[in-house]
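# Chains, contacts and geometry: an overview
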Amino acid sequence: MTTRINYDHELTLLNDDIKQMGFMVESSIEQCFIAFEDQDFEKAEGIIRGDRTINDLERSIEARCLSLILRQQPVAGDLRVVSSALKVVTDLERIGDHASDIAELVLRIRGEHVYHVVRHIPGMAMAAREMVRNAIDAFITQDIDAAKTIEKQDDIVDELFTKVKNDVIDLLKQSADHADQCIDLLMIAKYLERIGDYAKNICEWVVYFETGKIVEM
């Protein structure tokens, strides 16, 4: 196998690992809100345990990237491929952390039913999950146009975050008895808003990957 063919094969394996990590964090977000709506605490605990697997995969991908740099000594566009992959897996790992954080909050509001009143959180979760999926697809396919559409999706997540805050305010106006739970619900929404930001970061690395320019969306 020639050096170039071997390098291309390694890049294919790298993309496969990134797709797997993206699927795992996307699944974590989805499972969080099954646990959230169904009060499935075993599922929430499973998400927290699964975060270790995501962290392990991040380290594996980082090791693959560093090995590529040391053995192949890529330059120009090839170096951008590897360096952007390193950045993307960091963002994915943080998304996984936030999914785990949300699962911990689901466990903390165990037995409380105020989350049914904050009706915009499930929609916000779906929008954030979709952002992550589309961002990963854009990175794998190197699709700048698709990456640029993520900013509009982020606007949707931000709008839903504002609606969640209004839901919480309305709930507190009705009664201050659930103040602690309202804070937890607001934190869940904030984690989702940050997940959207990390998905947007991934799309910025798509632009860098293709153009060599770092453009803040």
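Residues numbered from 1 in each chain as written. Predicted model: local features only at pLDDT ≥ 70, side-chain atom pairs only at ≥ 80, totals over all residues. Heavy atoms only, no water.

### Here's the deal with the packing of helix α3 (residues 76-108) against helix α6 (residues 179-211)
Following both chains from N to C, one finds α3 and α6 inclined at 170°, their axes separated by 9 Å at the closest point. It follows that α3 is roughly antiparallel to α6 by the angle criterion. Partitioned by chemical class, the residues of the contact of α3 with α6 number 17 nonpolar, 5 polar and 9 charged. (Axes fitted to C-alpha atoms, helices over the stretch in contact; angles between N-to-C directions. Helix = DSSP H or I, 4+ residues; strand = E, 2+ residues; numbered from the N terminus. Parallel < 35°, antiparallel > 145°, perpendicular 65-115°, else oblique. Nonpolar A, V, L, I, M, F, W, Y, C, P; charged D, E, K, R; others polar.)

### Considerations on the pattern of salt bridges
Pairs can form between side chains of opposite charge whenever their charged atoms are close. Evaluated as defined, the whole model comprises 11 salt bridges. With its nearest N and O atoms 2.5 Å apart, the salt bridge here joins Arg 108 to Asp 184. With Arg 108 in helix α3 and Asp 184 in helix α6, this pair connects stretches of sequence that are 76 residues apart. We classify Asp 184 as buried; its relative accessible area is 6%. One connected set of salt bridges, linked through shared partners, spans Glu 10, Asp 17 and Arg 64. (Salt bridge = Lys/Arg side-chain N within 4 Å of Asp/Glu carboxyl O. Buried < 20%, exposed > 50% of the residue type's maximum accessible area, 1.4 Å probe, protein only.)

### Regarding unusual backbone geometry
Positive phi, normally seen in glycine, also occurs at Gln 39, with a value near 50°. Here Gln 39 shows up in the loop between α1 (3-38) and α2 (41-72). Judged by its relative accessible area of 19%, Gln 39 is buried. Within the chain, Gln 142 stands out as a residue other than glycine whose phi angle is a positive 60°. The topology assignment puts Gln 142 in the loop between α4 (121-141) and α5 (144-174). Accessibility expressed as a relative area gives 37% for Gln 142, which makes it partly exposed.

Honestly, that's just the spatial picture; any functional story needs more than this.
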